[in-house]
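# Coordinate inspection notes
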Amino acid sequence: GESVGLHLPTLSVQEGDNSIINCAYSNSASDYFIWYKQESGKGPQFIIDIRSNMDKRQGQRVTVLLNKTVKHLSLQIAATQPGDSAVYFCAETLYSGAGSYQLTFGKGTKLSVIP
Amino acid sequence: EPEVTQTPSHQVTQMGQEVILRCVPISNHLYFYWYRQILGQKVEFLVSFYNNEISEKSEIFDDQFSVERPDGSNFTLKIRSTKLEDSAMYFCASSILTGSSEQYFGPGTRLTVT
């Protein structure tokens, strides 16, 4: 069936460098793509989302890029800090018309920041 | 800052027993969700709830599961007869708008079935 997946299970980055976390998706009908951050012992934390009709969206130190041609999503973190160390999940969602968004998560990429 | 809270943080139960996991969503949110995460695996959608009824549910959410909003603040997930494979982290989430994909997650309840 259709699913969301991740290219890299682990990523180690030097503090201050930029991080890029990638994700492949296969449901071309999805409305939104979202990045979540999960720190140890905590629930997923919303970082940023992007609608399917956009290519790029910027937040504070983060940028999400969507390439619908190759069904690819990426999260760029500028000037990575130790506090960015976590597991990052991409998720996709398709509004069903029932009033809610059902998130389909990928498996996650663990980002480790080296001080 | 408002947050979703969940109790208990860890629940240990014997196979076949009933468990109720509790959540207090953010007060002005209208949409409520349960997800689970088996250790080492991805987060999986269970059910969404709006206007006192289930909006959507996944294949995981079978007759052993039920949800309820017994009052104006709590949102509960009940598993009637737990199985070993129900052991997982259970996350509650809420969102304010139908048009928003931004869901706020609680810290989770770790359910261990022995």
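That block above? That's the structure.
Residues numbered from 1 in each chain as written. Chains lettered and ligands numbered in written order. Predicted model: local features only at pLDDT ≥ 70, side-chain atom pairs only at ≥ 80, totals over all residues. Heavy atoms only, no water.

### Re the sheet that holds strand β8 (residues 75–79) of chain B
All names here are of chain B. So the rule is basically this: Two strands form a pair only when DSSP identifies at least two bridges running between them. Runs of H or I in DSSP of at least four residues are treated as helices and runs of E of at least two as strands, each being numbered from the N terminus. Working convention: axes come from line fits to C-alpha atoms, limited for helices to the stretch in contact. Angles between N-to-C directions cover 0 to 180 degrees.
Taken together, the 4 strands give an open sheet; going across it, the order is β1-β3-β8-β7, and neighbouring strands pair in antiparallel fashion. Each edge of the open sheet is held by one strand with a lone partner, namely β1 (5–7) and β7 (65–68). Strand-to-strand twist of the sheet, defined as the mean angle between neighbouring strand axes without regard to direction, takes the value 20 degrees. Here 4 bridges tie β7 to β8, and the two strands are oriented antiparallel to one another. Residue Val67 lies in a different strand from β8, and its bridge partner there is Leu77.

### Here's the deal with the interface of chain A and chain B
What counts is decided by this rule: Should any heavy atoms of two residues lie within 4.5 Å, those residues are considered in contact. Reported buried area values correspond to the accessible surface (1.4 Å probe) lost by two parts on association, with both partners' losses combined. The working definition used for a salt bridge is a side-chain nitrogen of Lys or Arg within 4 Å of a carboxyl oxygen of Asp or Glu.
Tallying the contact residues gives 24 residues for chain A and 21 residues for chain B. Both sides together, the interface formed by chain A and chain B hides about 1,900 Å², and carbon and sulfur atoms give 52% of it. A per-residue breakdown of the area chain A buries against chain B is headed by Tyr101, Gln102 and Phe105 of chain A, which together make up 27% of the total. In this assembly, chain A and chain B are joined by 0 salt bridges.

### Side note on the pairing of strand β7 (residues 62–67) of chain A
Residue and element names in this part refer to chain A. Bridge analysis of strand β6 (residues 56–58) against β7 gives 3 bridges, and the strand direction is antiparallel. Bridge assignment links Lys56 to a residue of β7, and that residue is Leu65. Between the antiparallel neighbours β6 and β7 lie 3 residues, among them Arg61 with a positive phi of about 70 degrees. The pairing of β7 with strand β8 (residues 72–77) spans 6 bridges and is antiparallel. Residue pairing for β8: Asn67 is matched across the bridge by His72. The hairpin turn running from β7 into β8, its antiparallel successor, is 4 residues long, and Lys71 in that turn takes a positive phi close to 55 degrees.

### Topic: the environment of Ser85 of chain A
Residues and elements named next belong to chain A. The condition that has to hold: Summary of the burial criterion: residues with accessible area below 20% of their type's maximum are buried, those above 50% are exposed, and those between are partly exposed, where the area comes from a 1.4 Å probe applied to protein chains only.
Turning to its location among the elements, Ser85 is positioned in the loop between β8 and β9 (86–95). On the basis of relative accessibility, which here comes to 29%, the residue Ser85 falls in the partly exposed class. In the structure, Ser85 is positioned 62 residues away from Cys23 in sequence and 18 Å away in space, judged by C-alpha atoms.

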